Amino acid sequence: MAICIVIGGIYIFSLPKEMIVEAYAYGTNEKITEIGVTITSGIITDNGEMTGHPLMFYLSGKKIKNVRFSCKNQMIDFRNWKEKRDEYGEAKNFTVDYGEDEKEYAYLTIDWMPNATIKELTDNRESKIATLSQNLREDVIVMEISFLNGEKTVKAIKIHLQDNGRFFAVFGDYKIKKDDDFIKRADSKAIPRKILTGKNGSITSLSKKSKNRAKKVAKNYYRKTVFKLISLKVKKQSKNKIVFRSRVKKGGVLQNPDRSIRLRLVKGKWKVVGEGY
């Protein structure tokens, strides 16, 4: 239960240590606080070009049983970098099992993807970041956290797209309101992790036809950016996702190192879910 401390007639509620949960940006390990922080791992431009990950984060805590994630406006993608858990593809609501091994928590990442925002900037040449509607510039991911001891708490990350294309994120307590209909949505079903591995550990579960379709989508993506694509080579692949190593030029200059573009199979169609170094 929460601890109540009285200081000068003011009641301060503090969670016990075993219920403290923190959030960190994946890659930079920068703590996302109540004050907020500008995420440096990704950026988008007025023409919809996205570099890196605008917000990929993980939770840190003790003895978390599971976390239910609900994203209001955009899409989120869960990835377990140790490949021990099922995934969900691009979704808005799902529940992730955590368990007693707290060392694994840093490998359970949530990738927030502003697909609707990028689509608006890409499809509508007159659209600019500064003129986007509120629901395309702001979002919230609510986390209903259950602990192994039966206790529960609710946290949220609030995200704001700044005029310069950077994202500002705030992490803190959240009280679910009656009109939070996005939390009432049903969870997406997990996609079972069935990966076929070759002799050298390379994943070989994609057919040539499926791979070519993914390559076509990747090429179309680069046609809408400032980069001129020179070549695509498979870096990683599985049944539902593929990562290409992209050799590109910008302004006639070959970019070094090569970039990467990540795609995921969603309802039978390949979609770009990340691009950058």
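Conventions and cut-offs
Residues numbered from 1 in each chain as written. Predicted model: local features only at pLDDT ≥ 70, side-chain atom pairs only at ≥ 80, totals over all residues. Heavy atoms only, no water. Helix = DSSP H or I, 4+ residues; strand = E, 2+ residues; numbered from the N terminus. Contact = heavy atoms within 4.5 Å. Areas by Shrake-Rupley, 256 points an atom, 1.4 Å probe, with all protein chains shown as cover. Core = buried A, V, L, I, M, F, W, Y, C linked by side-chain atoms within 4.5 Å. Buried < 20%, exposed > 50% of the residue type's maximum accessible area, 1.4 Å probe, protein only. Pairing = 2+ DSSP bridges. Axes fitted to C-alpha atoms, helices over the stretch in contact; angles between N-to-C directions. Arc of directions from axis to C-beta. Phe/Tyr/Trp six-rings, centres within 6.5 Å; stacked < 30°, edge-to-face > 60°.

### A short note on the overall build of the chain
Thought 1: A tally of helices and strands in the chain yields three helices and 20 strands.
Thought 2: Taking the contacts inside the chain whose residues are at least 6 apart along the sequence as the reference set, 59% of them involve residues at least 24 apart.
Thought 3: A total accessible area of about 15,400 Å² is found for the chain, and carbon and sulfur atoms account for 51% of it.

### Examining the nonpolar core
Thought 1: The biggest cluster of nonpolar side chains holds 56 residues, and the ones touching the most others in it are Ile32, Phe57, Leu59, Phe69 and Ile157.
Thought 2: Not counting chain neighbours up to four residues away, the residues in contact with Phe69 comprise Phe57, Leu59, Ile76, Lys92, Asn93, Phe94, Val96, Tyr98, Ile110, Ile141, Val142 and Met143.
Thought 3: By size, the runner-up hydrophobic cluster in this structure holds six residues, among which are Val140, Val142, Ala156 and Ile183.

### Quick notes on the sheet that holds strand β14 (residues 152-161)
Thought 1: Pairing within the open sheet is antiparallel, and its six strands lie in the order β5-β15-β14-β13-β9-β11. Sheet topology places β5 (37-39) and β11 (93-99) at the edges, where each strand pairs with a single neighbour. Pairwise comparison of adjacent strand axes, ignoring direction, gives a mean angle of 25° for this sheet.
Thought 2: Note: strand β13 (residues 138-147) against β14, nine bridges, orientation antiparallel. Paired with Ile145 across the bridge in β14 is Thr153.

### Observations concerning helix α1 (residues 115-123)
Thought 1: Here α1 has its buried residues at Thr117, Ile118 and Leu121. The buried residues of α1 all sit within an arc of 95° when viewed along its axis, so they share a single face.
Thought 2: The inward-facing, buried residues of α1 contact β6 (42-44), β7 (50-52), α2 (134-137) and β14.

### Focus: the sheet that holds strand β12 (residues 108-113)
Thought 1: The strand order across the open sheet built from five strands is β4-β3-β8-β12-β10, with neighbouring strands paired in antiparallel fashion. Where the open sheet ends on each side, the last strands, each with one partner, are β4 (31-32) and β10 (75-80).
Thought 2: Two elements, strand β3 (residues 22-25) and strand β8 (residues 55-60), share four bridges in a ladder whose sense is antiparallel. Paired with Ala23 across the strands is Leu59, a residue of β8.

### A look at the packing of aromatic side chains
Thought 1: Throughout the structure, instances matching the rule amount to six aromatic pairs.
Thought 2: Between Tyr26 and Tyr58, the ring centres sit 6.4 Å apart and the planes meet at 85°, which makes this aromatic pair edge-to-face. Of this pair, Tyr26 sits in the loop between β3 and β4 while Tyr58 sits in strand β8, placing them 32 residues apart in sequence.
Thought 3: The exposure class assigned to Tyr26 is partly exposed, which follows from its relative accessible area of 27%.
Thought 4: Here Tyr58 falls in the buried class, since its relative accessible area comes to 10%.
Thought 5: Their ring planes at 70° and their centres at 5.1 Å tell us that Tyr98 and Tyr105 sit as a pair that is edge-to-face.
Thought 6: On the basis of relative accessibility, which here comes to 5%, the residue Tyr98 falls in the buried class.
Thought 7: Grouped by ring-pair contacts, the aromatic residues Tyr24, Tyr26 and Tyr58 constitute a single cluster.

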